[in-house]
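Examination of the molecular architecture
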Amino acid sequence: MGSLVKEETSSLMTKFLEKCGGYAVVDGGFATELQRHGADINDPLWSAKCLITSPHLVTKVHLDYLESGANIIITASYQATIQGFVAKGLSVGEAESLLRRSVEIAYEAREIFYNRCTKGSWDFDYAGKASGQPVLVAASVGSYGAYLADGSEYSGIYGDSVSKETLKDFHRRRVQILEKSGADLIAFEAIPNKLEAEAYADLLEEEEIDIPAWFSFTSKDGVSVPRGDSVVECAKVADSCKKVVAIGINCTSPRFIHDLIISLRQVTRKPIVVYPNSGEVYDGLNKKWIKSGEESEEDFVSYVSKWRDEGASLFGGCCRTTPNTIRAIAKVLSGECPAASKIKFEQ
Ligand SMILES: [Zn+2]
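Quick look at the structure, then. (Residues numbered from 1 in each chain as written. Predicted model: local features only at pLDDT ≥ 70, side-chain atom pairs only at ≥ 80, totals over all residues. Heavy atoms only, no water.)

Along the protein, the regular secondary structure elements total 15 helices and 10 strands. A compact globule built from 347 residues would reach a C-alpha radius of gyration of about 20 Å, and the protein, at 18 Å, matches this within 12%. Considered along the principal axes of its C-alpha atoms, the protein spans approximately 50 × 45 × 40 Å. Counting across all 347 residues of the protein, residues that qualify as buried make up 59%. Element-wise, carbon and sulfur atoms account for 49% of the exposed surface of the protein, whose accessible area totals about 13,700 Å². Across the protein, the mean location of the 39 positive side-chain charges is 2 Å away from that of the 48 negative side-chain charges. (Helix = DSSP H or I, 4+ residues; strand = E, 2+ residues; numbered from the N terminus. Rg over C-alpha atoms; globule rule 2.2 N^0.38 Å. Buried < 20%, exposed > 50% of the residue type's maximum accessible area, 1.4 Å probe, protein only. Areas by Shrake-Rupley, 256 points an atom, 1.4 Å probe, with all protein chains shown as cover. Lys, Arg positive; Asp, Glu negative; His and termini not counted. Charge placed at Lys NZ, Arg CZ, Asp CG, Glu CD.)

What follows is the structure, encoded as structure tokens:
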């Protein structure tokens, strides 16, 4: 396929957004919701541990978010890596099957959801709109730092020994498997430095990956990614990659989102996706969320229409947000509720 990107690949997101009425709802904190259902994910595999121990909970969480109005559900593969599974004693073949399984589970959840909608056996308040709810499955890819589970996921500092080639080699097989898994797109999430964005862009081109992707960065100051590279520079990398159909920010405090959307808009015309966390800060070493004291009194749902006016088109939540957040976002976007009622984040 070379540099020619299939038409349906490059237009997937614009067509999907049209189908959704211009704006789409992304799901919320996956790990947070798994924990609410009793999963213990204090593990180097984090939420991906449930692919081994409790796949039924993975299905349940996808359903929770679909019921809440999500148009894009993100698979449980954020921290699912072949290297991580092998470190647990699984074979490479088993690890690859689990990656594929993460996508299958999301599709099964969508089937269950659509069947329930058709049969009308639905008891949630979004039922009226649910049956016409377009849904895409995004296969999650977390950073090298997420695999290391040593805090570098939120610093982006991998050391001089880690080159772009190291990162490409690390991610290559997982990306190839997810491409062939049937997922609609790949969500490269919580990217903490420019080098990893470049590695992803190279991989998409060199491996001729024929499904689209979005690149989503994190920020701790509203200007740069954790490693210190400017968000604008990172977004340029994403913008110039033809396979990237949306660019955005996730797992970042809501208070930075407004400025970040404005920065992204300066360098791209591609759709912008934002799914902030609750505003708490992750302590990667102790694996705990710490209240920063700067969380907004009202949660970020009340800002969604402003972010939409600034140019974002896909909205969801990341860590420590729940289906309640997603339900409120869906209501705001449907024009049903101008300012969402106060949503409680996970206690
Ligand atoms: Zn997150």
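Turning to the pairing of strand E7 (residues 272–275), a few remarks are in order. Burial along E7 is two-sided: Ile272 and Val274 facing one way and Val273 and Tyr275 facing the other are all buried. With helix H13 (residues 257–267) bridging strand E6 (residues 244–250) and its parallel neighbour E7, the resulting β-α-β unit is right-handed. In this sheet, strand E10 (residues 312–315) lies alongside E7 in parallel orientation, the contact comprising three bridges. What sits directly across from Val273, in E10, is Leu314. (Right-handed = clockwise from strand over helix to strand, strands pointing away. Pairing = 2+ DSSP bridges.)

With that settled, the discussion passes to the packing of helix H7 (residues 92–119) against helix H10 (residues 164–179). Where H7 meets H10, the closest approach of the two axes is 9 Å, and the angle between their N-to-C directions is 45 degrees. Compared by their axis directions, H7 and H10 come out oblique. In this structure, the crossing between H7 and H10 has a hand that is right-handed. Contacts between H7 and H10 pair Glu96, Leu99, Arg100, Ser102 and Val103 from the former with Arg173, Arg174, Ile177 and Leu178 from the latter. Of the residues contributing to the contact of H7 with H10, the split by class is four nonpolar, one polar and four charged. (Axes fitted to C-alpha atoms, helices over the stretch in contact; angles between N-to-C directions. Parallel < 35°, antiparallel > 145°, perpendicular 65-115°, else oblique. Left-handed = near helix turned anticlockwise from the far one by under 90°. Contact = heavy atoms within 4.5 Å. Nonpolar A, V, L, I, M, F, W, Y, C, P; charged D, E, K, R; others polar.)

Another point: the coordination of the zinc ion. Donor atoms from the polypeptide that bind the zinc ion are Cys251 (SG), Cys318 (SG) and Cys319 (SG), placed at 2.2 to 2.3 Å. Positions of the donor residues of the zinc ion, expressed as sequence spacing, correspond to C-x66-C-C. Taken together, the positions of Cys251 in the loop between E6 and H13 and Cys318 in the loop between E10 and helix H15 (323–333) put the pair 67 residues apart, joining distant regions of the chain. (Donors = N, O, S within 2.8 Å, 3.2 Å for Na, K, Ca; no water.)

Attention shifts here to the sheet that holds strand E5 (residues 213–217). Within the open sheet, the eight strands sit side by side as E1-E10-E7-E6-E5-E4-E3-E2. Their pairing is parallel. A single partner strand is all that each edge strand has here, and the edge strands are strand E1 (24–25) and strand E2 (72–74). The sheet contact formed by strand E3 (residues 136–141) and strand E4 (residues 185–191) spans four bridges and is parallel. Counted as the bridge partner of Val141 is Phe188 from E4. With respect to the sheet, helix H2 (residues 12–19) is in contact with E1, E2, E3, E4, E5, E6 and E10, its orientation differing from that of E10 by roughly 80 degrees.

Geometric values such as these leave the question of function open.
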